[in-house]
Amino acid sequence: MARKKVTVQALQAKKAAGEPITMITAYDYPTALAVDRAGVDVILVGDSLGMVVLGYPNTLPVTMEEMLHHAKAVARANPAALLVGDLPFMAYQADVAEAVRNAGRFLKEAGMDAVKLEGGREMVPTVAAIVRAGIPVMGHIGLTPQSVHKLGGYRLQGRTAADARRLLEDALALEAAGCFAIVLEMVPEPVAAVITERLRIPTIGIGAGPGCNGQVLVLHDLIGLFDRFTPRFVKKYADLHGEIVRAVQAYCDDVRHRRFPGPEHTFPMDPEEWAAFRAMLEATPLPTTDTKGRP
């Protein structure tokens, strides 16, 4: 039986009922199909695609057009999961009107159900404007990868009492501005638990401990398809990078030793047609060519 479409309201009901929320990234049609069939609640088309799919050193080079391209592919899988498009760097920071337009493109052009953006209190006017336009917004605080240079690297956030209070105030401000959920990334477990307790909206943790209302991971980390590094907060459930290498090595070995393709991989010809073709060749020999391919 087909799953019922997950909505913003369904996620908030899960928080109220104490039911954990599952969220995972996907960047194309086949992986969106797979993770949706697995029963995930939320699919994030994250700007992490810049690193795990496009090979950029970080998420900063990712463009709106690249995000829309991948979001459209995910939406074509018609998943029951809530679809969230990640606003890339400089798609929303410079101008509120531009932020609303770009957020709208995720829904209008790419078939997303909501958008996500990074930042705390400084993003409140932007969040409020996008929400007023009828677009659900997921917030993201703690480690915000688009601010990696400002933060001095991928560092744990909220380690001091003052920083923890700032994160709580950011979360409350985003909730008041209209966010329906907030991602907490690389935040000490007790701080994330307090923020989760104080908010009416769900928190989705990544490196923020089990006290959050849900968890999110980058799919390529979870399945072992990204081999440059594995963050401490990731649990690898498979090693697909290693499996792909093994499979391709086996294929190359079979080809080089003429074990592939075998009879089961080829297509026979009707004996009468083959005989007729041979007769044609004998009656009209094809022109020969020299070693450089010239007649």
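Up top you'll find the structure we're talking about.
Below: a short report on this structure. (Residues numbered from 1 in each chain as written. Predicted model: local features only at pLDDT ≥ 70, side-chain atom pairs only at ≥ 80, totals over all residues. Heavy atoms only, no water.)

The number of helices and strands found in the chain is 12 helices and eight strands. Taken against the 2.2 N^0.38 rule, which gives 19 Å for 295 residues, the C-alpha radius of gyration of the chain at 25 Å runs more than 25% over that of a compact globule. Oriented by its inertia axes, the alpha-carbon framework of the chain measures out at about 90 × 45 × 35 Å. Burial status across the chain gives 45% buried among its 295 residues. Long-range pairs, those at least 24 residues apart, make up 58% of the contacts in the chain between residues at least 6 apart in sequence. As displayed, the chain offers around 16000 Å² of accessible surface, 58% of which is attributable to carbon and sulfur atoms. Of the side chains in the chain, 32 bear a positive and 33 a negative charge, and the two mean positions are spaced by 5 Å. (Helix = DSSP H or I, 4+ residues; strand = E, 2+ residues; numbered from the N terminus. Rg over C-alpha atoms; globule rule 2.2 N^0.38 Å. Buried < 20%, exposed > 50% of the residue type's maximum accessible area, 1.4 Å probe, protein only. Contact = heavy atoms within 4.5 Å. Areas by Shrake-Rupley, 256 points an atom, 1.4 Å probe, with all protein chains shown as cover. Lys, Arg positive; Asp, Glu negative; His and termini not counted. Charge placed at Lys NZ, Arg CZ, Asp CG, Glu CD.)

Moving on to the sheet that holds strand β5 (residues 137-142). Around the barrel, which closes on itself, the eight strands sit in the order β1-β2-β3-β4-β5-β6-β7-β8 with parallel pairing between neighbours. In this sheet, adjacent strand axes meet at a mean angle of 25° when their direction is disregarded. Here strand β6 (residues 181-185) pairs with strand β7 (residues 203-206) via four bridges, running parallel. Its bridge partner lying in β7, Leu-184 is registered against Gly-205. Seen against the sheet, helix α8 (residues 161-177) touches β5 and β6 and runs at an angle of roughly 175° to β5. (Pairing = 2+ DSSP bridges. Axes fitted to C-alpha atoms, helices over the stretch in contact; angles between N-to-C directions.)

Moving on: helix α5 (residues 96-108). Between the first and last C-alpha of α5 there are 18 Å, a value that for 13 residues agrees with the 18 Å anticipated at 1.5 Å per step. Residues of α5 that are buried include every one of Ala-99, Asn-102, Ala-103 and Phe-106, and no others. Buried residues of α5, seen end-on, are gathered within an arc of 100° and therefore sit on one face of the element. Exposed and oriented more than 90 degrees from the buried face of α5 are Arg-101 and Lys-108. Where the residues of α5 are buried, they touch α4 (64-75), β3 (82-86), β4 (114-116) and α6 (124-132). The opening residue of α5 is Asp-95, an N-cap whose side-chain oxygen sits 3.1 Å from the backbone nitrogen of Ala-97. (Expected span 1.5 Å × (residues − 1). Arc of directions from axis to C-beta. Polar contact = N/O pair within 3.5 Å; in protein donor to acceptor, adjacent residues only side chain to side chain.)

What follows is about the nonpolar core. In terms of nonpolar packing, the biggest core is built from 76 residues, with Leu-87, Phe-106, Ile-130, Ile-182 and Leu-184 touching the most fellow members. For this core, the element with the most residues is α8, which contributes six residues. (Core = buried A, V, L, I, M, F, W, Y, C linked by side-chain atoms within 4.5 Å.)

The subject of this paragraph is helix α12 (residues 271-283). Look at α12: 18 Å from first C-alpha to last across 13 residues, which is about the 18 Å you get at 1.5 Å a residue. The N-cap residue of α12 is Asp-270: its side-chain oxygen and the backbone nitrogen of Glu-272 are 3.0 Å apart.

Here we take up the pairing of β5. Regular strands have side chains that alternate between both faces of the sheet. For β5, a buried count of six out of six residues is recorded, marking the element as mostly surrounded by other parts of the structure. Summarising the sheet, β4 and β5 pair through two bridges and their orientation is parallel. Counterpart to Lys-116 in the pairing with β5 is Met-138. Note that β5 and β6 share five bridges and pair parallel. Opposite Gly-139, over in β6, you have Ile-182 as the bridge partner.

What follows deals with the pairing of β3. For β3, the buried fraction is high: five of the five residues fall into the buried class. Of the two faces of β3, both are covered, the one formed by Leu-82, Val-84 and Asp-86 as well as the one formed by Leu-83 and Gly-85. Where strand β2 (residues 42-45) and β3 come together, four bridges link them in parallel fashion. By the bridge assignment for β3, Leu-44 is matched with Val-84. Bridge count between β3 and β4: three bridges; the pairing is parallel. What sits directly across from Asp-86, in β4, is Lys-116.

At a closest axis distance of 10 Å, the pairing of α4 and α5 adopts a crossing angle of 20°. Overall, the two elements α4 and α5 adopt an arrangement that is roughly parallel. Seen along the crossing, α4 lies across α5 with a hand that is right-handed. Here α4 contributes Met-64, Glu-65, Met-67, Leu-68 and Ala-71 to the contact with α5, which in turn contributes Asn-102, Arg-105 and Phe-106. Within the contact of α4 with α5, the residues separate by chemical class into five nonpolar, one polar and two charged. (Parallel < 35°, antiparallel > 145°, perpendicular 65-115°, else oblique. Left-handed = near helix turned anticlockwise from the far one by under 90°. Nonpolar A, V, L, I, M, F, W, Y, C, P; charged D, E, K, R; others polar.)

Here Thr-126 lies in helix α6. Under the relative-accessibility criterion, Thr-126 is labelled buried at 5%.

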